[in-house]
Amino acid sequence: MTAKDAPPPLPEPLLVPVADSHTHLDMQSGTVEEALTKAAAVGVTTVVQVGCDIKGSQWAAETAAAHENVYAAVALHPNEAPRIVLGDPDGWSRQGAREAGGDAALDDALTEIERLAALPYVRAVGETGLDYFRTGPEGMAAQERSFRAHIEIAKRQGKALVIHDREAHADVLRVLDEEGAPERTVFHCYSGDAEMAEICAAKGYYMSFAGNVTFKNAQPLRDALAVAPLDRVLVETDAPFLTPAPYRGRPNAPYLIPVTVRAMAAVRGIAEEELAEALAVNTARAFDY
């Protein structure tokens with residue numbers, strides 16, 4: 001194992017326990033039990049496991065049912081919807097190459113997401129939204145149709161909505177306005193600027209900050225964190241992605257949340273305990289546990 005692949009060391013534990021509001025345990029090495037034990041050892045006592053496709057969402061629901069401190073979010077990721085409709089000839093996703101299934105296949109997939117969303121340990125519908133980084137113009141219609149359907153599922157089932165917004169801020173906000181956002185809406189891995197944070201705050205949306213808030217080039221994110229209302233801020237890993245500095249590029253996991261919490265507290269100019277208390281309360285409120 002090279003230094004680049006080596007898991008970072010355990011940080012100093014947080015004195016006030018918090019939740020990782022967005023993680024992908026199924027994409028991390030080691031067992032779920034190992035990940036939860038390491039996380040709990042540093043004060044990360046709850047995790048929200050997020051599905052990105054049918055198999056991943058089923059796994060998230062099963063994992064949440066089996067573990068007391070795990071809650072699930074279920075969805076078709078914005079990049080998954082066009083793959084279902086248009087096919088995935090190069091097999092970029094975890095399912096490998098797929099034939100085009102058209103709108104009927106998307107409807108079938110959404111029916112399964114709604115079935116999962118009704119389960120008690122599933123506390124959110126997501127991650128859904130729009131991604132203009134990886135999906136080109138040909139996939140936008142499928143992506144938006146899927147996003148609108150997920151908003152409706154969240155509202156019908158009384159669950160939180162978890163949003164993936166990549167290079168699509170204006171359209172994500174527009175669709176939420178047009179459909180009417182669920183009562184609890186979370187911008188996962190918040191990627192907007194301070195101006196957008198003020199729009200989100202006015203609408204009561206939660207903003208979840210990931211390890212990229214620690215990156216040198218992420219001043220707009222820190223500016224957004226500085227103006228976001230304290231009762232609307234969450235923390236997440238999005239592990240195995242977005243490992244916080246100084247471990248950027250190495251595998252991320254829920255136990256690294258304290259690194260991001262400390263960086264966030266520094267941006268806000270408050271004690272880490274004060275921030276951690278707010279994060280714990282906010283996450284429980286956002287995901288209704």
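Relevant structure appears above.
What comes next concerns the included structure. Keep in mind the model is a prediction, meaning the values are calculated, not measured.

**Brief notes about the overall build of the protein**
Turning to step 1, where the next piece is worked out: Assigned secondary structure in the protein consists of 10 helices and 8 strands.
Turning to step 2, where the next piece is worked out: By the compact-globule yardstick of 19 Å for 289 residues, the protein fits well, its C-alpha radius of gyration being 18 Å.
Turning to step 3, where the next piece is worked out: Evaluated residue by residue, the protein yields a buried proportion of 55% over its 289 residues.
Turning to step 4, where the next piece is worked out: Of note, the protein has its 26 positive side-chain charges centred 2 Å away from the centre of its 42 negative side-chain charges.

**Here we look at the nonpolar core**
Turning to step 1, where the next piece is worked out: Core analysis: the largest hydrophobic core is formed by 71 residues, its most contacted members being F147, L176, F187, Y190 and M264.
Turning to step 2, where the next piece is worked out: A total of 6 residues in this core trace back to one element, the largest contributor, which is helix α4 (residues 102-117).
Turning to step 3, where the next piece is worked out: The contacts of F147, once residues within four sequence positions are left out, are T128, G129, L130, L161, I163, V172, V175 and L176.
Turning to step 4, where the next piece is worked out: Within the second largest apolar cluster, 11 residues are counted, among which are A73, A124, V186 and L234.

**Quick look at the layout of surface pockets**
Turning to step 1, where the next piece is worked out: What the largest pocket holds in volume is close to 950 Å³.
Turning to step 2, where the next piece is worked out: Lining the largest pocket are 34 residues, with H77, R134, H164, R166 and D238 positioned closest to its centre.
Turning to step 3, where the next piece is worked out: Mapped by element, the contributors of at least two residues to the lining of the largest pocket are α3 (80-86), β4 (122-131), β5 (160-166) and α8 (219-227).
Turning to step 4, where the next piece is worked out: Its residues assigned to classes, the lining of the largest pocket shows 11 nonpolar, 11 polar and 12 charged.

**Topic: the packing of aromatic side chains**
Turning to step 1, where the next piece is worked out: Applying the stated criterion to the full structure yields 3 aromatic pairs.
Turning to step 2, where the next piece is worked out: Here the aromatic rings of Y71 and Y289 are separated by 4.5 Å at their centres, their planes lie at 15°, and the arrangement is stacked. Of this pair, Y71 sits in strand β3 (residues 70-74) while Y289 sits in the segment after α10 (272-287); the two residues are 218 residues apart in sequence, bridging distant segments of the chain.
Turning to step 3, where the next piece is worked out: Over the ring of F133 we find R166, and its NZ or CZ is 3.6 Å from the ring centre.
Turning to step 4, where the next piece is worked out: Here R232 stacks its cationic end above the ring of Y206, 4.5 Å away from the centre of that ring.

**Quick look at the packing of helix α2 (residues 54-66) against α4**
Turning to step 1, where the next piece is worked out: It is the contact of α2 with α4, at a shortest axis distance of 10 Å, that shows an interaxial angle of 10°. As judged from the angle between their axes, α2 and α4 are roughly parallel. Contacts from I54, S57, Q58 and A61 in α2 reach A109, E112, I113 and L116 in α4.

**Some thoughts on the sheet that holds strand β6 (residues 185-187)**
Turning to step 1, where the next piece is worked out: Read across the sheet, 8 strands follow the order β1-β2-β3-β4-β5-β6-β7-β8 without closing on themselves; strand pairing throughout is parallel. The open sheet is flanked by β1 (18-23) and β8 (233-235), the only strands paired with a single partner. For this sheet, the mean angle separating the axes of adjacent strands, direction not counted, is 30°.
Turning to step 2, where the next piece is worked out: Summarising the sheet, β3 and β4 pair through 3 bridges and their orientation is parallel. Bridged to A72 within β4 is V122.
Turning to step 3, where the next piece is worked out: Together, β2 (44-50), β3 and β4 form the strand contacts of α2, whose direction differs from that of β3 by roughly 160°.
Turning to step 4, where the next piece is worked out: Helix α9 (residues 257-268) rests against β1, β2, β7 (206-209) and β8 of the sheet, and its axis sits at about 150° to β8.

**Focus: a negative patch on the surface**
Turning to step 1, where the next piece is worked out: Taken together, the side chains of D193, E195, E198 and D223 present a region of like negative charge at the surface.
Turning to step 2, where the next piece is worked out: The residue D223 is located in helix α8 in this model.
Turning to step 3, where the next piece is worked out: A relative accessible area of 35% places D223 in the partly exposed class.

**Considering the pairing of β5**
Residues in a regular strand point their side chains to alternate faces of the sheet.
Turning to step 1, where the next piece is worked out: Counting buried positions over the 7 residues of β5 gives 6, a clear majority of the element.
Turning to step 2, where the next piece is worked out: Where β4 meets β5, 6 bridges bridge the pair, whose relative direction is parallel. Residue pairing in the sheet places T128 in a bridge with I163 of β5.
Turning to step 3, where the next piece is worked out: Traced from β4 through helix α5 (residues 140-157) to β5, the parallel crossover comes out right-handed.
Turning to step 4, where the next piece is worked out: Where β5 lies against β6, 3 bridges are found, and the strand directions are parallel. From the neighbouring strand, V162 faces β6, where its bridge partner is V186.
Turning to step 5, where the next piece is worked out: You can see the chain leave β5, run along helix α6 (residues 169-179) and come back into β6, and the turn it takes is right-handed.

Procedures and definitions
- Residues numbered from 1 in each chain as written.
- Predicted model: local features only at pLDDT ≥ 70, side-chain atom pairs only at ≥ 80, totals over all residues.
- Heavy atoms only, no water.
- Helix = DSSP H or I, 4+ residues; strand = E, 2+ residues; numbered from the N terminus.
- Rg over C-alpha atoms; globule rule 2.2 N^0.38 Å.
- Buried < 20%, exposed > 50% of the residue type's maximum accessible area, 1.4 Å probe, protein only.
- Lys, Arg positive; Asp, Glu negative; His and termini not counted.
- Charge placed at Lys NZ, Arg CZ, Asp CG, Glu CD.
- Core = buried A, V, L, I, M, F, W, Y, C linked by side-chain atoms within 4.5 Å.
- Contact = heavy atoms within 4.5 Å.
- 1 Å grid on protein atoms, 1.4 Å probe; cavity = no way out; pocket = protein on both sides within 12 Å on 5 of 7 lines; lining within 4 Å.
- Points joined across faces, edges and corners; volume = space filled by probe spheres on them.
- Nonpolar A, V, L, I, M, F, W, Y, C, P; charged D, E, K, R; others polar.
- Phe/Tyr/Trp six-rings, centres within 6.5 Å; stacked < 30°, edge-to-face > 60°.
- Lys NZ or Arg CZ within 6 Å of the ring centre and 35° of its normal.
- Axes fitted to C-alpha atoms, helices over the stretch in contact; angles between N-to-C directions.
- Parallel < 35°, antiparallel > 145°, perpendicular 65-115°, else oblique.
- Pairing = 2+ DSSP bridges.
- Patch = residues over 30% accessible without salt bridge, like charges linked within 9 Å, V, L, I, M, F, W, Y side chains within 5 Å.
- Areas by Shrake-Rupley, 256 points an atom, 1.4 Å probe, with all protein chains shown as cover.
- Salt bridge = Lys/Arg side-chain N within 4 Å of Asp/Glu carboxyl O.
- Right-handed = clockwise from strand over helix to strand, strands pointing away.

Fair warning: the whole summary comes from geometry, so function is off the table for now.
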